[in-house]
Amino acid sequence: MSQDQSFDVVIIGGGPGGYNAAIRAGQLGLKTAIVESRGVLGGTCLNVGCMPSKALLHASELFEAAQHEFKTIGIEVPAPTLNLVQMMKAKQDSVTALTKGIEFLMKKNKVTYFVGFGKIEGQGKVSVTAQDGSVQHLTTKNIVIATGSEPTPLPGVTVDQKQIVDSTGALSLPAVPKHLVVVGAGIIGLELGSVWRRLGAKVTVVEFLDRITPGMDTEVATGFQKILAKQGFAFKLGTKVTAAKTGTNGVTLSLEAAKGGNPETLEADVVLVAIGRRPFTQGLGLESVGITTDQRGFIPTNHFKTAAPGVWAIGDVITGPMLAHKAEEDAVAAIELIAGKAGHVDYDLVPSVVYTFPEVAWVGKTEDQLKAAGVQYKVGKFPFMANSRAKINHETDGFVKFLADARTDRVYGVHIMGPQAGEMIGEACVLMAFGGASEDLARICHPHPTRSEAVRQAAMGVEGWTMQA
């Protein structure tokens, strides 16, 4: 491969933002390169995030069902035993198949893939440093920064990926801990906490705020916490972790009340630090083109354009939800702008999903946000307890909530806590993208018996004609 290569677009980072940008650029006929340091494409999401965590969530859910649910519905099996080595192998096999699939998509769309650390060396210049230290130099009309994010460290707590782990380490524990303490009651902590609780760990969640899942509608979050507590989670809210000491018998955490109070200690076998993520922008050579990050490390952009001509940024390195599907939307929009088309992302319509059981999914405004903005709104709610499919499947926890304008009935937000919520939120996204009213969805025929009928019944509830509860 020649040392000097010229491209229309060079994308630094091979995660959901980067590889989708590469695919779209290839489709639009742009000569494209993608640079990824891991040696495998897919980024955090595919390698140590969304995909492996979903593999373990699925496997652990089946394990728990075999322990508790099978007997209820007349399936008599011996008590299941956990083969954690095989479970981890199945997880890795799935991840490997997906990464190979992305490599195929690069070839299909004529994208040149460079393995190494990408660094901007000035306008239109990118160096790629391989693991052996060799360097290749690329020239390009456009650079797209898609380097994603990394776990936020917790002061006073050093991650060793053995006794104190971040989300990456929590996906590959060699044994089920007796007591797992999760620091942070956000989506990542609750999902990984669910995996290990189902496999036999006692799980305690320590959260600085006085509630779980910040950003989630408060009514939904309150109900969600009750369900998780019923499943066996213990919560210490309004509590700060000040230090962690590892020893042969485990980890001793030092805690104190967030608002001041007597210090206490908490013993654990394993501690998972899951207090959020921060943009990964170190060592990218941003200064060589005059880009300065903000105080939180994000790259300021205007429609994905940075302060430097020909340099664009997408995904977790810019503001907005740190979600793989948001990065994909950024990717398509940025590349279409580069190609002279009209790229756009509506950040009000990026859904969020927690893949616990039950799942929680939402899109648009929360009730808290509408109250704070002084908006007049109506609420429609429907419990899964009254949904036939959920009832026969023994999955009745949760509800659907619609929030719509009191005068026009335009839908502001939809919140679902229940089985398959992540799959069902899509119709709410479509409804809201077209400026739809709750009545529009309420008058659309849904198949029976399905969980999706609960969404329709909640939409009916906005105007007070829920029929099945």
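Going by the structure above, here's the rest.
Source: prediction; values computed, not measured.

J.: Is there a simple way to think about the nonpolar core in this case?
T.: Looking at soluble globular proteins, one finds that nonpolar side chains tend to be buried together. The biggest cluster of nonpolar side chains holds 48 residues, and the ones touching the most others in it are Met106, Leu138 and Ile145. Met87, Val165, Ala170 and Val360 belong to the second-largest nonpolar core, a separate cluster that totals 39 residues.

J.: I tried to follow the packing of helix α1 (residues 16-27) against helix α4 (residues 84-108) on my own but got confused; where do I start?
T.: Two measures define how a pair of helices packs: the angle their axes make with one another and the distance between the axes. Packing of α1 against α4 brings their axes to within 9 Å, and their N-to-C directions diverge by 25°. In terms of orientation, α1 and α4 fall into the roughly parallel class. Two packed elements cross with a definite hand, and for α1 against α4 that hand is left-handed. Contact residues: Tyr19, Ala22 and Ile23 in α1; Ile102, Leu105 and Met106 in α4.

J.: Just checking my understanding: could you explain the state of the cysteines for this structure?
T.: Chemically, a disulfide is nothing more than a covalent bond linking the sulfur atoms of two cysteines. Here the structure, examined in full by the defined rule, presents 1 disulfide. Across the disulfide, Cys45 is cross-linked to Cys50 (sulfur-sulfur distance 2.4 Å). Looking along the S-S bond of the Cys45-Cys50 disulfide, the torsion reads about -135°, which is the left-handed sense. Overall, Cys45 belongs to the buried group, its relative accessible area being 12%. The partly exposed category is assigned to Cys50, whose relative accessible area is 27%. Cys429 carries a free sulfur, and the closest cysteine sulfur to it, the one in Cys50, is 16 Å from it.

J.: Looking at this structure, how should I read the sheet that holds strand β12 (residues 239-247)?
T.: Here 3 strands make up an open sheet; going across it, the order is β12-β13-β14 and the pairing antiparallel. In this open sheet, the two edge strands, each paired with only one partner strand, are β12 and β14 (264-268). Across the sheet, the mean angle from the axis of one strand to that of its neighbour is 25°, orientation sign disregarded. Where β12 lies against strand β13 (residues 250-257), 8 bridges are found, and the strand directions are antiparallel.

J.: How do you make sense of the packing of aromatic side chains when you look at a structure like this?
T.: Here the distance between the centres and the angle between the planes together describe a pair of aromatic rings. Scanning the model with the defined rule gives 2 aromatic pairs in all. Considering the side-chain rings of Phe7 and Phe114, the 6.0 Å spacing of their centres and the 90° angle between planes classify their relative orientation as edge-to-face. Of the two residues, Phe7 is situated in strand β1 (residues 4-12) and Phe114 in strand β3 (residues 111-115); the sequence distance between them amounts to 107 residues. Relative accessible area serves as the criterion here: at 2%, Phe7 is assigned to the buried category. Taking 5.9 Å as the distance between ring centres and 15° as the angle between the ring planes, the aromatic pair formed by Phe233 and Phe235 counts as stacked.

J.: What should I look at first to understand empty space enclosed by the protein in this one?
T.: One way to see where empty space is left: roll a probe the size of a water molecule over the atoms. As enumerated under the stated definition, the model contains 1 cavity of 30 Å³ or more in all. Its boundaries defined by the atoms lining it, the largest cavity holds a volume of some 50 Å³. Pro151, Thr152, Ser167, Ile188, Val273, Ala274, Ile275, Gly276 and Arg277 together form the lining of the largest cavity. For the lining of the largest cavity, the class distribution of residues is 5 nonpolar, 3 polar and 1 charged.

J.: Any chance you could explain the packing of α1 against helix α8 (residues 324-338) here in plain terms?
T.: Viewed as axis vectors pointing N to C, α1 and α8 meet at an angle of 35°, and their least axial separation amounts to 8 Å. Pair α1 / α8 crosses with right-handed handedness. Contacts from Pro16, Gly17, Asn20, Ala21, Arg24 and Ala25 of α1 reach α8 at Ala324, Ala327, Glu328, Ala331, Val332, Ile335 and Glu336.

J.: Is there a simple way to explain the sheet that holds strand β22 (residues 411-418) in this structure?
T.: In space, the 5 strands of this open sheet follow the order β18-β19-β22-β21-β20, with antiparallel pairing throughout. Each edge of the open sheet carries a strand with a single partner, namely β18 (352-354) and β20 (377-383). The mean angle between the axes of side-by-side strands here comes to 10°, regardless of whether they run parallel or antiparallel. As paired elements, β18 and strand β19 (residues 359-364) share 3 bridges and run antiparallel to each other. Paired with Val354 across the bridge in β19 is Val360.

J.: Which parts of the structure should I look at to understand the pattern of salt bridges?
T.: Summed over all chains, the structure comprises 20 salt bridges. As a salt-bridge pair, Asp8 and Lys141 come within 3.1 Å of each other at their nearest N and O atoms. Here Asp8 is found in strand β1, whereas its partner Lys141 is found in strand β6 (residues 135-145), with 133 residues between them in sequence. Using a relative accessible area of 60% as the deciding quantity, one classes Lys141 as exposed. In this structure, Lys401 and Glu367 form a salt bridge, with 2.6 Å as the shortest nitrogen-oxygen distance. With a gap of 34 residues between them, Lys401 in strand β21 (residues 399-405) and Glu367 in helix α9 (residues 367-373) connect regions that are remote in the sequence.

Each value, and the rule that gives it
- Residues numbered from 1 in each chain as written.
- Predicted model: local features only at pLDDT ≥ 70, side-chain atom pairs only at ≥ 80, totals over all residues.
- Heavy atoms only, no water.
- Core = buried A, V, L, I, M, F, W, Y, C linked by side-chain atoms within 4.5 Å.
- Buried < 20%, exposed > 50% of the residue type's maximum accessible area, 1.4 Å probe, protein only.
- Axes fitted to C-alpha atoms, helices over the stretch in contact; angles between N-to-C directions.
- Helix = DSSP H or I, 4+ residues; strand = E, 2+ residues; numbered from the N terminus.
- Parallel < 35°, antiparallel > 145°, perpendicular 65-115°, else oblique.
- Left-handed = near helix turned anticlockwise from the far one by under 90°.
- Contact = heavy atoms within 4.5 Å.
- Disulfide = S-S within 2.5 Å.
- Pairing = 2+ DSSP bridges.
- Phe/Tyr/Trp six-rings, centres within 6.5 Å; stacked < 30°, edge-to-face > 60°.
- 1 Å grid on protein atoms, 1.4 Å probe; cavity = no way out; pocket = protein on both sides within 12 Å on 5 of 7 lines; lining within 4 Å.
- Points joined across faces, edges and corners; volume = space filled by probe spheres on them.
- Nonpolar A, V, L, I, M, F, W, Y, C, P; charged D, E, K, R; others polar.
- Salt bridge = Lys/Arg side-chain N within 4 Å of Asp/Glu carboxyl O.

So, to be careful, I would describe these as geometric facts and stop short of saying anything about function.
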